Amino acid sequence: MLEKHWLGRHELHVGVDFDHRSYMGISSSNPVQILRQDGTLAEGISFLPGTPQSAADTAVAEFIQDRWVLNSNWAVDLGARLSSETKGWSAAAAPRAGVAYSPGKDGKTAIRTGVGLFYSLLPLLAGDFAANPTRVVTPFDAAGLPSGPPVTYTNAYAGGLNPLTSSALPSQPGATPRNLTWNIEVERELRKNVFLRIGYIDSHTTYLFAVNPFTAAAPVAQSLLALTNTGSSHYRELEGTLHFTFHRNDEVNVSYVWSRTRGDLNNLSAVLIPFAQPVIRPNVYGILPYDVPNRVVTWGIVSLPRALSSALSRIYTPAIPTPTSIRCKTM
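Residues numbered from 1 in each chain as written. Predicted model: local features only at pLDDT ≥ 70, side-chain atom pairs only at ≥ 80, totals over all residues. Heavy atoms only, no water.

**Regarding the nonpolar core**
Grouped together as the largest cluster of nonpolar side chains are 17 residues, with contacts concentrated most on Ala 126, Phe 129, Phe 209, Val 211, Leu 225, Leu 227 and Leu 268. Going through the elements one at a time, β4 (41-47), β10 (151-159), β12 (194-214), β13 (223-246) and α2 (268-272) are the ones with two or more residues in this core. For this core, the element with the highest residue contribution is α2, accounting for 3 residues. Ignoring sequence-local partners within four residues, the contact set of Leu 225 consists of Phe 129, Arg 135, Tyr 153, Thr 154, Asn 155, Ala 156, Val 211, Asn 212, Pro 213 and Ile 280. (Core = buried A, V, L, I, M, F, W, Y, C linked by side-chain atoms within 4.5 Å. Buried < 20%, exposed > 50% of the residue type's maximum accessible area, 1.4 Å probe, protein only. Helix = DSSP H or I, 4+ residues; strand = E, 2+ residues; numbered from the N terminus. Contact = heavy atoms within 4.5 Å.)

**Section: a nonpolar patch on the surface**
On the surface, Ile 111, Val 115, Leu 180, Trp 182, Ile 184 and Val 186 cluster together into a nonpolar patch covering about 460 Å² of accessible area. Elements with a contribution of two residues or more to the nonpolar patch: β8 (109-119) and β11 (178-191). Ranked by residues supplied to the nonpolar patch, first place goes to β11 with 4 residues. Here Val 186 shows up in strand β11. (Patch = residues over 30% accessible without salt bridge, like charges linked within 9 Å, V, L, I, M, F, W, Y side chains within 5 Å. Areas by Shrake-Rupley, 256 points an atom, 1.4 Å probe, with all protein chains shown as cover. Salt bridge = Lys/Arg side-chain N within 4 Å of Asp/Glu carboxyl O.)

**A few points about the pairing of β13**
Relative to β13, β10 runs parallel, the two being bridged by 6 bridges. Across the sheet, the residue bridging to Tyr 153 is Ser 223, located in β13. Bridging between β12 and β13 involves 18 bridges; their strand directions are antiparallel. In the strand pairing of β13, Thr 205 is matched with Ser 233. Bridge analysis of β13 against strand β14 (residues 250-264) gives 14 bridges, and the strand direction is antiparallel. Its bridge partner being in β14, Arg 236 is matched across the sheet by Arg 260. Counted along the chain from β13 to the antiparallel partner β14, the turn is 3 residues long, and its residue His 247 has a positive phi close to 55°. (Pairing = 2+ DSSP bridges.)

**Some details on the packing of aromatic side chains**
Under the definition given, this model contains 6 aromatic pairs. Ring geometry for Trp 182 and Tyr 200: centres 5.4 Å apart, planes at 50°, overall tilted. Of the two residues, Trp 182 sits in strand β11 while Tyr 200 sits in strand β12, which places them 18 residues apart along the sequence. For Trp 182, a relative accessible area of 36% puts it in the partly exposed group. By relative accessible area, which is 22% here, Tyr 200 ends up partly exposed. Among the aromatic residues, those joined into a cluster by ring pairs are Trp 89, Tyr 119 and Tyr 207. (Phe/Tyr/Trp six-rings, centres within 6.5 Å; stacked < 30°, edge-to-face > 60°.)

**Concerning unusual backbone geometry**
Residues Ile 273 and Pro 274 are joined by a peptide bond in cis, for which omega reads -5°. Note on placement: Pro 274 falls in the loop between α2 and β15 (285-287). Of note, the phi angle at Leu 7 is positive, near 55°, even though the residue is not glycine. Along the chain, the position of Leu 7 falls in the loop between β1 (2-5) and β2 (9-25). The exposure class of Leu 7 is exposed, given its relative accessible area of 57%.

**Things to note about empty space enclosed by the protein**
Counted according to the given criterion, the structure contains 2 cavities of 30 Å³ or more. Here the largest cavity defines a volume of roughly 110 Å³. As for the largest cavity, its lining consists of 14 residues, and the residues nearest its centre are Asn 132, Pro 133, Arg 135, Leu 272 and Ala 276. In terms of residue class, the lining of the largest cavity is made up of 9 nonpolar, 4 polar and 1 charged. (1 Å grid on protein atoms, 1.4 Å probe; cavity = no way out; pocket = protein on both sides within 12 Å on 5 of 7 lines; lining within 4 Å. Points joined across faces, edges and corners; volume = space filled by probe spheres on them. Nonpolar A, V, L, I, M, F, W, Y, C, P; charged D, E, K, R; others polar.)

Okay, here's the thing in structure tokens:
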């Protein structure tokens, strides 16, 4: 860290990140049968033997950050990150900025806002997607006989192209998911040791990897199970928090959180983690499985004898008609 003084105090941070990841393995899948409600066979999915899988990726990033404290009322954070990968973006510039303002002289109100562009590292599952076992799908009629020829779905990376109409597909991913997030927050001291904080977050991710089957119109033409990078997701969150402090270091927090999560359902993580999905239908954009529209979160810190501390948390989530997962804040 380097500290400078010019129109206020500057705290400069400069650094370099280096990351190398690799893995080797093999994936195999057993046949799957899809039955109708009456128990008759509707579809059979078999898998050709998989080939050895191997993927590696090296990423280098340089970053600089300046925390600029102008005076007792204003502070600004400015930063930028330039990264490159052997697979993924050859060069990705990610600027970030944040502003904090405390109006008046009592220091009881703080307004904070920020925006940033972020790039993730390439998922290694995308680096060798074509090596996954090839699927062969056979439809059956009510009598249990094949109602059409089997369709073989060859795995391929398509990027932003339609693999059925493109003469040549990219050999490896040339992009990674990109996220633009901004937030605004207002905090006010209501009375001694009681604070109210209200904040809003908007997070939009593009270039998400999504798996989508492309079925050729002619039976003799090649069908593909393609990995594309045209997926997206959007997360919004509004949170109100009451923060109580008492004694010396003890505190209790109560938050109400409203959120909305939408995105491509066939994203790479949903399809291949922790195990490959046996049935992959055409991708759609909709409510993500971990969407939790309303929740109440409480957490706190209570001092114990002999310098011990205990973190307590509790979550209340009203019943909703979608699958849920709960994020718990702990301290």
